[in-house]
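The chain contents come next:
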Amino acid sequence: MANTPQAAETSEQETDRAQEIPTGMTTSSGLTGEELVIGYPSADDPVIERETITAKPGAVTALIGPNGSGKSTLLKGLANQLAPEAGSVLIDGKDIHSLGGKELAKRLGLLSQESTAPDSLTVEDLVMHGRYPHRGFFESVTDADHRAVERAIDLSGCSHLREREVGSLSGGQKQLAWIAMTLAQETDVLLLDEPTTFLDLHHQLEVMEIVETLRDESEITIVVVLHDIEQAARHADYMVALRDGEIQARGPPEEVVTEKLLAQVFGIEAEVKPTGRGPQITPIRAIHEGSDER
Amino acid sequence: MSGGESGVGETYSSGSTVEGRRFSWLLDPKLITVALVSLAVVFLGGLVQVSFGAYSMTITEAWFAVFNPDVLFNTQAWNGFLFGGELPDMSQESLIAWNIRLPRVFVAILVGMNLGFSGAIFQAVTRNELASPFILGVSSGAGLMILLTLVVFGSLTAFLPLIASVGGGVAFLVVYLIAWKNGTSPVRLVLAGVIVGTVLGSLQTGIFFFADDIGVVQSAIAWTTGSLTGTDWQQVRIALPWTVVAVGLAVVGSRQCNVLLLGEQTAKSLGMSIERVRFALSGVAVLAAAASIAVAGIVSFVGLIVPHIVRNMVGSDYKKLIVGCVFVGPALMVAADVGARLALNPVQIPVGIVTGLIGGIYFLYLMKKKENLGEI
């Protein structure tokens, strides 16, 4: 163990705090993107133009929108994967640019859409990589690292997979393993880019259950890009709807998911019925460009 | 708190496969087997190299010459070998074994070692299984400088090893400069390597036209295909310090390689400064490649197939992979050099020709056996 005793103690206290204090604004971190202009170096026009977005501390915020609406781009901007051309991203009121790479990675975790790992890597070793920002260059694995890995594997429900090689897992199992890796980072803010796309229903529900558990038990601030509007409306506390890089609506699901918004943002005529498990959306037909008057 | 902590530590060390101890991963049975088999090959190859040649000895004579305690435990002898001091008196057999034949084996060990883990690092940096130590322009830069020195600046031949390594290093920096555009990417690096390789390769061929002496051409070919002919303790002294440094850095950097394999996005979101890590790792790999070029020229294929062989046996964990390459590289190189030196006795061919043949056959076998080749 290369940690000095003091350092070990502080990191331990931090973990304990995150685990034990159940509620209160003090433990959750808010994430705010102010007047963000985000684009890709290869394209001239930015995808996101001057948008401000706030993720409420300790809540799940879902980003929805049609393909190419800029929801993943916005998420990458919030995660500092894409450097914003203008505007700033604040975590706990601090500009993320002022934080070093590892410092940021201790506060903000990102689950990317396409993740690759060597096939022969075991799930447990993959999850251990989540401890990267917490370890120094020469530092070996500490007890705190083991605890975090253990907790992450538990939370994501992949303890039965821990010895398996990543190459032998199904798509859904892989996603659970990657979520566990992100959780091992022990961040206060978690960004998930379409974590349920391409998964079977069982694993979709499993992933969303993990998201809810994280919010309820660990007070983690979560921003999640979802393809499925119903799923977003059911599991998120707040929703942000995007189209063509502009935020069209934001608020609690019942306010955002309306027939008017579905027409405006997704270009579909649909029926929205409130149920006990969030609104039920029945798509009726696509509104074609020519007849679109809204 | 402390009591609770030790309790937790106990459950983890007994309940999980990842041990808290730093070097427990070295105890992987597959890795140990790989190391032991490699050591056996190196040992046998070395014994063959010592026994056969113009002055023939039986295996037992060679054995006694090598394990002659007057040499083995003689500080003056080691001082002579490693620092160039005067050698003590010894029997003719021991002199031939220790001063002529063994140094060549040691150089082969060092070259194989360097090329092996250098290739492994480049494969992580470019995330491509088909990368070799010479993919980022190193070989073409070194080759051009070798030809320039031999054909144009004949008076500088004494500094050939140094000039070749510097040429390789400079070419690598040029490749990096070309590839850089808001940062680099594996594909841009490989493409830039191809561009630089093509241009410098043309220049090399051009220079061959100006060589008027067949001896110069042969010497140039020996350097550009890689040869261990005529190596002695001088070459060991050149390569050893750099090898030690590079191996150390490679082992330390293996965890960074592992994280790089998770993809750029993931590595970045884990807080790695990718460009810095990628450049530093490439630097270590170039250092190792340059050390091997300095003593043996451009030996192809070793850096490409050694990481492959090791990955097939111990998996893609770079901590094990690097250590495995440090053993398998020497085994391949020593075995290939036995062929290069003795197959067409008394003519010695450049060892690079043998490694090229072995490499080609190995890849043919791999192509037949595996579906997808390329991505790690």
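Residues numbered from 1 in each chain as written. Chains lettered and ligands numbered in written order. Predicted model: local features only at pLDDT ≥ 70, side-chain atom pairs only at ≥ 80, totals over all residues.

Trainee: Hey, could you go over helix α6 (residues 171-184) of chain A for me, with residue numbers and the actual values?
Mentor: Residue and element names in this part refer to chain A. Its 14 residues give α6 an end-to-end C-alpha distance of 20 Å, which sits within 8% of 20 Å, the value for a rise of 1.5 Å per residue. For α6, the tally of buried residues reaches 11 of 14 residues, placing the bulk of the element in the interior. Of all the positions in α6, only K174, Q175, L176, A177, W178, I179, A180, M181, T182, L183 and A184 are classed as buried. Those residues of α6 that are buried are in contact with β6 (108-111), α4 (123-129), α5 (143-155), β7 (189-193) and α7 (201-218). In the stretch just after α6, E186 is the one whose phi turns positive, near 50°. (Helix = DSSP H or I, 4+ residues; strand = E, 2+ residues; numbered from the N terminus. Expected span 1.5 Å × (residues − 1). Buried ≥ 20, exposed ≤ 12 C-beta atoms within 10 Å, placed from the backbone. Contact = placed C-beta atoms within 7 Å.)

Trainee: Now, about the pairing of strand β9 (residues 238-243) of chain A: what can you tell me, with residues and values included?
Mentor: All names here are of chain A. Most of β9 is tucked away, with six of its six residues classed as buried. Residues Y238, V240 and L242 point to one face of β9 and M239, A241 and R243 to the other, with burial holding for every one of them. As judged from the four bridges shared by strand β3 (residues 60-64) and β9, these two strands associate in the parallel manner. When the sheet's bridge partners are listed, T61 is paired in β9 with Y238. Sheet topology note: the β9/strand β10 (residues 246-251) ladder contains five bridges and is antiparallel. By the bridge assignment for β10, R243 is matched with E246. (Pairing = 2+ DSSP bridges.)

Trainee: Provide a residue-level description of the sheet that holds β3(A), including the pertinent values.
Mentor: Residue and element names in this part refer to chain A. As summarised here, the arrangement of the six strands in space is β6-β7-β8-β3-β9-β10, forming an open sheet in which the pairing is mixed. The sheet is open, and its two edges are formed by β6 and β10, each paired on a single side. On average, adjacent strands in this sheet sit at an angle of 15° to one another, irrespective of strand direction. Bridge count for β6 against β7 is four bridges, and the pairing is parallel. Its bridge partner lying in β7, L108 is registered against V189. Packing against the sheet, α7 makes contact with β3, β7 and β8 (221-225), and its axis sits at approximately 160° to β8. Helix α10 (residues 259-266) rests against β9 and β10 of the sheet, and its axis sits at about 160° to β10. (Axes fitted to C-alpha atoms, helices over the stretch in contact; angles between N-to-C directions.)

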